[in-house]
Every structure is written in C-alpha cells, then in structure tokens.
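# An overview of the molecular structure
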Amino acid sequence: MARLGVNVDHVATIRQARGGSEPDPVTAAAIAELAGADGITIHLREDRRHIQDRDLTLMRQTVQTRLNLEMAATEEMIAIALKVKPDCCTLVPEKRAELTTEGGLDVRLNLDSVKGAVQKLQEGGIIVSIFVDPDPDQIKACHKTGADYIEIHTGAFADAPDIGAEEKELVKIENAIKLAQKLDLGVNAGHGLNYSNVRKVAALGGIEEFNIGHSIISKAVLVGLDRAVRDMVELVRYA
Ligand code: PXP
C-alpha cells in the first residue's frame, strides 16, 4: 500500500501573503497527520518565499510521522538539514524565478556535487531521495550517487495535453519504476497529482510514497470555505 506525504508549502504561501502568523503550516501538518497522512513534506527554498526556518524547526519537534525536507543541494541547505535532521531529504533543482519546481534534478550533469550532498546527508543519518524525470539515464545517475530513493517527477504526465500523451508519460513512469527497482532504489512520486489523475499512477504499483500538495490544499480551501463563511456570518449578524 502506498503512503501519502502531504506538502503544506501552500499554507505557508497564504501566510506569507500578509506576513503574519496565520494560517500556520505547523498546524496544517498536525491536521494532515490526524487525517491519516503518512508524512509531511516541506520545501525550504533559498528565497524563503513560503516555508520559513522556524517552520522546519517546529515541524521537526511536532511531526509525529515522517518529515521530508525538499531542498536544493547547496552548502546552506545541507548545513540546515544536518542540524535539524529531517527523516528524509529530497534533493530538487531550484530556480529563483520559477513558480514551482519545474523539472527533475539534472543528476547526470551534476553527478559529483549531488553525490557529495547525498553522502554528507547520509552520514548525518538522513535518508536521501532525488527528484528526477522518468528518464533512464537520470535514474542510473541517481544510482551512482548512492541515494536511497528517487522521486519520479510526474509533472509531464499531469500536464499531458491528451490521452495519447498521457499514456506515453505513464509508460515512462512505469519503466522508471522498474529500472529503479532493478537498481535497488526506493521509488516515490509527485508533482501535479490530483484527485482525478493520481489513481492511474498509483495503479502502476511499486511507488512507496506520493508527495502531493497543490491539489490537497486547493480542495481544502474550497471544502473549508462553507464552514468558514458560516462562522463569520454568525459573528457579524448576531454581535
Ligand atoms: N514533489 C516535489 C519534489 C515537489 O517539488 C513538489 C512541489 O513542491 C511536490 C512533490 C508536490 O507537487 P504538487 O504541489 O503539484 O502536488
């Protein structure tokens, strides 16, 4: 049975829009865990646009399941991870101008530096995963780094313009799972997965954990809005 890691970055994005203290992603993580999430994922970006260092420190103390830190393989982030010790670090590419992580890490191009980062994190007792496209050469490079897991980037599948293109992406993902298993790499997956497309990927089997954020937080806003408005109507009308 696959596990679900809930990415709460978007809760922090709403908080940062006002620069205040609500909504608190630490509280969101606790609610996600109470609802059955198997893990919590956060991305501490270099520009701190959503998750803050304080969120990571507090979640390390409060998350009861597993804390997965998405991060760029930089000296700054490696030092933070070694200090805070999340259960898992997922290495991702990071560009300042991007809206969200746009592609998998180019492990082939950066083999030595990624390998160095993997080793340092593992020496600190942290499980290491690498976010990669479902590309055989990238997966072989991940194996060379000694990483424990790959996280297959499902963005191309999620954004496929039609059924034919979607089917092609699904085959790539299926082949990526098989290759990773052959190389003894654990397999996670994520990006762009939602309530209508996740089952196709989950049905392939072999994926240990799905990391999902945008669709869950989007649904939470909509299904929670009715209750939130009712509570405010009550206060305004019956003051
Ligand atoms: N996995 C990784 C490595 C990511 O960077 C992200 C986005 O932060 C996700 C999973 C979650 O993607 P989404 O928000 O589209 O569900």
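Overview of the structure. Please read all numbers here as calculations on a predicted model, not as lab measurements. (Residues numbered from 1 in each chain as written. Predicted model: local features only at pLDDT ≥ 70, side-chain atom pairs only at ≥ 80, totals over all residues. Heavy atoms only, no water.)

Enumeration over the complete set of coordinates arrives at 0 aromatic pairs. The ring of Y195 carries K219 above its face, with NZ or CZ at 4.4 Å from the centroid. (Phe/Tyr/Trp six-rings, centres within 6.5 Å; stacked < 30°, edge-to-face > 60°. Lys NZ or Arg CZ within 6 Å of the ring centre and 35° of its normal.)

Here the focus is the pattern of salt bridges. The full count for this structure, using the stated rule, is 16 salt bridges. When the shortest N-O distance is used, the salt bridge between E166 and K200 registers 2.5 Å. Placement of the pair is E166 in helix 8 (residues 163-182) and K200 in helix 9 (residues 198-202), with a sequence separation of 34 residues. Salt bridges here are not isolated pairs; linked through shared partners, they connect R3, R66, E208 and E209. (Salt bridge = Lys/Arg side-chain N within 4 Å of Asp/Glu carboxyl O. Helix = DSSP H or I, 4+ residues; strand = E, 2+ residues; numbered from the N terminus.)

A few words on the site of the ligand. Near the ligand lie 13 residues; those nearest to it are T101, E151, G192, G213 and H214. N7 is positioned with one of its side-chain polar atoms (N or O) 3.4 Å from an oxygen atom of the ligand. Here the ligand, which alone exposes 400 Å², has 93% of that area covered by the protein. Classifying every residue of the shell around the ligand by side-chain character gives 3 nonpolar, 8 polar and 2 charged. (Near = heavy atom within 4 Å. Polar contact = N/O pair within 3.5 Å; in protein donor to acceptor, adjacent residues only side chain to side chain. Areas by Shrake-Rupley, 256 points an atom, 1.4 Å probe, with all protein chains shown as cover. Nonpolar A, V, L, I, M, F, W, Y, C, P; charged D, E, K, R; others polar.)

Right, let's get into the packing of helix 5 (residues 111-123) against helix 6 (residues 136-145). Packed helices, taken two at a time, are described by the angle their axes make and the gap between the axes. Packing of helix 5 against helix 6 leaves a shortest axis separation of 9 Å and a crossing angle of 45 degrees. Taken together, the axes of helix 5 and helix 6 are oblique relative to one another. When you trace helix 5 past helix 6, the crossing you get is right-handed. Two secondary-structure elements touch here, helix 5 through L111, V114, K115 and V118 and helix 6 through A141, K144 and T145. A class-by-class count of the residues in the contact of helix 5 with helix 6 yields 4 nonpolar, 1 polar and 2 charged. (Axes fitted to C-alpha atoms, helices over the stretch in contact; angles between N-to-C directions. Parallel < 35°, antiparallel > 145°, perpendicular 65-115°, else oblique. Left-handed = near helix turned anticlockwise from the far one by under 90°. Contact = heavy atoms within 4.5 Å.)

This part takes up the pairing of strand 1 (residues 3-7). By the bridge criterion, 4 bridges tie strand 1 to strand 8 (residues 209-212) in an arrangement that is parallel. Looking at the pairing, G5 lines up with N211 of strand 8. Sheet topology note: the strand 1/strand 2 (residues 39-43) ladder contains 3 bridges and is parallel. Residue pairing across strands places N7 opposite T41, the latter belonging to strand 2. (Pairing = 2+ DSSP bridges.)

Everything listed is a geometric property; what it means functionally is a separate question.
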